[in-house]
Amino acid sequence: MTRFLIADDHPLFRDALSTTILNGFPNSQVQTADSIDAVKNCLETNSEPDLLLLDLKMPGSEGFFGLVHLREHYPSVPVVVISAMEDPATIQRSLSYGASGFIPKSCPSQTMVIGLRVVLQGDIWLPDDLRREVDRLPTEEKDFAERIGTLTDQQFRVLMHLTEGRLNKQIAYDLNISEATVKAHITAIFKKLGVQNRTQAVIAASKLQLEETSTS
């Protein structure tokens, strides 16, 4: 039995994708999750799926962080990004940050099934017409993904607050922790990202954001 986990916060798309998978893989099991926390709960409480299908825009994901975090903490679970965004930059980063494939939501059901089969066989897949537009990202993108992946959930929350320009006092209040703990997290963030100050940390974190003009 092939086990799939669909991570998407749109119920209609989850249902449609579940139907596509069950039709294409009759002897399969499909679980669904509507947030990154729900994904982690499934991975912790159930047998690991053979394939995780991940939308980039969902609660707790914050752009590419969900992908990076899942690849870092669950390296044995292959991830395919399924997204309405089809620009080469998003596809490049998805693959560089550890995705085993990229399937646009506009793909016909039969094409999706073909792509999933390719990934299950251990290969990387994306549509041929998009493959021609996608070049390999520079090495520093992959290095950055590894650095971001070492952040704990709380450290990442602090980093996101830094990108919003919030003060230590405000961060402590929002996260219900002490200012001393916030400072400790910030020190750890600087060390892990290889930066010296807040400005550099915010610039680094901007790489994880999706283009505002893109849709989910």
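Enquirer: So what's going on with the environment of S83? Which residues, and what values?
Expert: Looking at the element boundaries, S83 is found in strand β4 (residues 79-83). Once the C-alpha coordinates of S83 and L52 are considered, the two residues, 31 residues apart in sequence, prove to be 13 Å apart. When neighbours within four sequence positions are excluded, S83 is seen to be in contact with D55, F102, I103, P104 and K105. At 3.0 Å, the side chain of S83 and the backbone nitrogen of M85 are in polar contact.

Enquirer: Talk me through the side chain of N168; I want residue IDs and the actual numbers.
Expert: By the element assignment, N168 lies in helix α9 (residues 168-175). The exposure class assigned to N168 is buried, which follows from its relative accessible area of 14%. Setting aside anything within four residues of it in sequence, one finds N168 in contact with E179, V182, K183, I186 and R198.

Enquirer: If you had to explain the environment of D9 to someone new, which residues and values would you point to?
Expert: By the element assignment, D9 lies in the loop between β1 (2-7) and α1 (11-24). We classify D9 as partly exposed; its relative accessible area is 29%. C-alpha of D9 to C-alpha of D55: the two residues are 46 residues apart in sequence and 8.1 Å apart in space. Once residues within four sequence positions are removed from consideration, D9 is found in contact with R14, D34, D55, K57, M58 and P59. Looking at D9, its side chain comes within polar contact range of the side chain of H10, at 3.1 Å.

Enquirer: Hey, could you go over the nonpolar core for me, with residue numbers and the actual values?
Expert: In terms of nonpolar packing, the biggest core is built from 49 residues, with I148, L159 and L208 touching the most fellow members. Residues L17, I21, F25 and V119 belong to the second largest nonpolar core, which totals 18 residues.

Scoring rules and cut-offs
- Residues numbered from 1 in each chain as written.
- Predicted model: local features only at pLDDT ≥ 70, side-chain atom pairs only at ≥ 80, totals over all residues.
- Heavy atoms only, no water.
- Helix = DSSP H or I, 4+ residues; strand = E, 2+ residues; numbered from the N terminus.
- Contact = heavy atoms within 4.5 Å.
- Polar contact = N/O pair within 3.5 Å; in protein donor to acceptor, adjacent residues only side chain to side chain.
- Buried < 20%, exposed > 50% of the residue type's maximum accessible area, 1.4 Å probe, protein only.
- Core = buried A, V, L, I, M, F, W, Y, C linked by side-chain atoms within 4.5 Å.

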